[in-house]
Amino acid sequence: MISHGAGQPFMALVDDDSHSARLMIRMLLAHGAPSVSWLDSEAMATAELGQLLNDPRATLPGLVIVDLKSSSTATADFIAMLRRMKDGPALLIAAMSPTLDREVREVLLNAGADAVFERQANIDFYRREAAAIVSFWVRNQRLEAVGT
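Residues numbered from 1 in each chain as written. Predicted model: local features only at pLDDT ≥ 70, side-chain atom pairs only at ≥ 80, totals over all residues. Heavy atoms only, no water.

(A) Examining the sheet that holds strand β2 (residues 35-39) more closely. Strand order in the open sheet made by the five strands is β2-β1-β3-β4-β5, with parallel pairing throughout. One side of each edge strand has no neighbouring strand; the edge strands of this open sheet are β2 and β5 (115-118). Neighbour-to-neighbour, the strand axes of this sheet turn through a mean angle of 25°, independent of strand direction. For strand β1 (residues 10-15) and strand β3 (residues 63-67), the ladder comprises five bridges, and the chain directions are parallel. Across the sheet, Val14 pairs through a bridge with Val66, a residue of β3. Helix-sheet contacts for helix α3 (residues 74-84) involve β1, β3 and β4 (93-97), and the interaxial angle to β4 is about 170°. Relative to the sheet, helix α5 (residues 123-139) contacts β1, β3, β4 and β5, its axis offset from that of β5 by approximately 165°. (Pairing = 2+ DSSP bridges. Helix = DSSP H or I, 4+ residues; strand = E, 2+ residues; numbered from the N terminus. Axes fitted to C-alpha atoms, helices over the stretch in contact; angles between N-to-C directions. Contact = heavy atoms within 4.5 Å.)

(B) Inspection of the packing of aromatic side chains at higher detail. Inspection of every chain in the model, using the stated rule, returns one aromatic pair. Judged by centre distance (5.9 Å) and plane angle (70°), the rings of Phe117 and Phe136 are edge-to-face. Residue Phe117 is found in strand β5, and its partner Phe136 is found in helix α5; the two are separated by 19 residues along the sequence. Like Phe136, Phe117 is buried. (Phe/Tyr/Trp six-rings, centres within 6.5 Å; stacked < 30°, edge-to-face > 60°. Buried < 20%, exposed > 50% of the residue type's maximum accessible area, 1.4 Å probe, protein only.)

(C) Local environment of the nonpolar core. Judged by nonpolar contacts, the single largest core of 24 residues is most densely connected at Val14, Leu49, Val64, Phe78 and Leu82. At five residues, α3 tops the list of elements feeding residues into this core. Sequence-distant contacts of Val64, defined by excluding residues within four places in its chain, comprise Ala12, Val14, Leu49, Leu82, Leu91, Leu92, Ile93 and Ala94. Membership of the second largest hydrophobic core comes to 23 residues, among which are Ala21, Leu23, Met24 and Ala94. (Core = buried A, V, L, I, M, F, W, Y, C linked by side-chain atoms within 4.5 Å.)

Listed below in structure tokens is the structure:
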């Protein structure tokens, strides 16, 4: 994960697909996201986010976007695990889902996601979804998170 200076806002993307991660990072940055740190596996994300959560001086990501595809429940399982970590409830978490059907969305929300966004195949819809993620992040920023 990229090292960030104190107080610099950033997002963490937990995505086990390199193509998907590169596209998402490009789209997020194009829509005004701060820097984005890519965590390419559950193990790496657990270690890196755990380290940040255990360091009272660390700057936490302004948003953790989880898009794991290793199993049908990987994203929900990972989010539930994050919420159980020390200070995990302090994280703002967005889940990526193949569909926004009610049942799928409720599983992710019950696991602890603050929002659910749909993975899109169409590039125009994908851009809109990335813009919606950045908008969600902006609406949920803490005033003290903005630099001095």
